[in-house]
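One-letter residues, chain by chain:
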Amino acid sequence: DAPTSVAEGSAPAVGRVAVREGGVGRILVADDDGAMRALVRHVLRRFASDFDHATNGLELATYLHEGGPYDLVVTDVRMAGMTGVHAMIAARNSGLTTPFIVMTAFPEDTVRRLVESTERSVLLSKPFQARELYAAARSFGLEERQQVG
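## Looking at the environment of Val73
Next, step 1: Within the element layout of this structure, Val73 appears in strand β4 (residues 72–76).
Next, step 2: Of the residues examined, Val73 reaches a relative accessible area of 0% and is grouped as buried.
Next, step 3: Residues Val73 and Ala30 lie 43 residues apart in sequence; the distance between their C-alpha atoms is 7.8 Å.
Next, step 4: Other than its neighbours up to four places away in sequence, Val73 contacts Leu28, Leu60, Leu64, Thr98, Pro99, Phe100 and Ile101.

## Considering the nonpolar core
Next, step 1: Within the largest apolar cluster, 22 residues are counted, with the highest numbers of intra-cluster contacts made by Ile27, Val40, Leu44, Leu72, Val74, Ile101 and Leu133.
Next, step 2: Mapped onto this core, the elements with two or more residues apiece are β2 (26–30), α1 (34–44), β4, β5 (100–104) and α5 (130–139).
Next, step 3: Ranked by the residues each element gives to this core, the list is headed by α1, at 5 residues.
Next, step 4: If near-sequence neighbours (up to four positions away) are discounted, Ile27 is found in contact with Leu44, Phe47, Ala48, Asp50, Phe51, Asp52, Tyr70, Leu72 and Val74.
Next, step 5: In terms of nonpolar packing, the next biggest core, distinct from the first, is built from 18 residues, Tyr70, Val73, Val85 and Ala91 among them.

## Quick word on the pattern of salt bridges
Next, step 1: Counted according to the given criterion, the structure contains 6 salt bridges.
Next, step 2: As a salt-bridge pair, Glu144 and Arg46 come within 3.8 Å of each other at their nearest N and O atoms. Here the residue Glu144 occupies a position in the segment after α5, and Arg46 occupies one in the loop between α1 and β3 (50–54), the gap between them amounting to 98 residues.
Next, step 3: When its relative accessible area of 41% is taken as the criterion, Glu144 is described as partly exposed.
Next, step 4: A relative accessible area of 41% places Arg46 in the partly exposed class.
Next, step 5: Put simply, Arg26, Asp50 and Asp52 are held in one network by salt bridges that share partners.

## Comments concerning the pairing of β2
Next, step 1: Counting buried positions along β2 gives 5 out of 5 residues, so the element sits mostly inside the fold.
Next, step 2: Burial along β2 is two-sided: Arg26, Leu28 and Ala30 and Ile27 and Val29, pointing in opposite directions, are all buried.
Next, step 3: Relative to β3, β2 runs parallel, the two sharing 5 bridges. Each residue of the ladder has a partner; that of Val29, found in β3, is His53.
Next, step 4: On the question of chirality, the crossover connecting β2 to the parallel β3 by way of α1 is right-handed.
Next, step 5: Pairing of β2 with β4 involves 4 bridges; the strand directions are parallel. Note that in β4 the partner of Ile27 across the bridge is Leu72.

Reading the values: the criteria
Residues numbered from 1 in each chain as written. Predicted model: local features only at pLDDT ≥ 70, side-chain atom pairs only at ≥ 80, totals over all residues. Heavy atoms only, no water. Helix = DSSP H or I, 4+ residues; strand = E, 2+ residues; numbered from the N terminus. Buried < 20%, exposed > 50% of the residue type's maximum accessible area, 1.4 Å probe, protein only. Contact = heavy atoms within 4.5 Å. Core = buried A, V, L, I, M, F, W, Y, C linked by side-chain atoms within 4.5 Å. Salt bridge = Lys/Arg side-chain N within 4 Å of Asp/Glu carboxyl O. Pairing = 2+ DSSP bridges. Right-handed = clockwise from strand over helix to strand, strands pointing away.

On their own, these measurements won't tell you what the molecule is for.
In structure tokens, the structure reads:
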């Protein structure tokens, strides 16, 4: 069964994970919480067959610079090394237009304004429902991939 909230999830996944054959999308997930990375991967597996995982902001920036292109980036705000918002702004400043879903348990006004003023980005406040994450991905035009098996 699909997890229904951020409190549910499974063991952490590290590095690139091939989720299903048949999909062609690529998603980068950045969060220092392994259960959250697993939940995001589980909810969004219909959109992608290839996931990269970052556990801190510096890994996120490295993947964005060296691992792309991505169809979607899902990032937490508060991580070691660099926040997800700073990584998103750096990506935009370098010309990347990849959509970002920014997750936070601390939706401060400053963070909200930065995300809202950045094109192709949306803020999700934790805890959120799986359907909200799914809908945010669909809002960027992501379509479910053809599943094999």
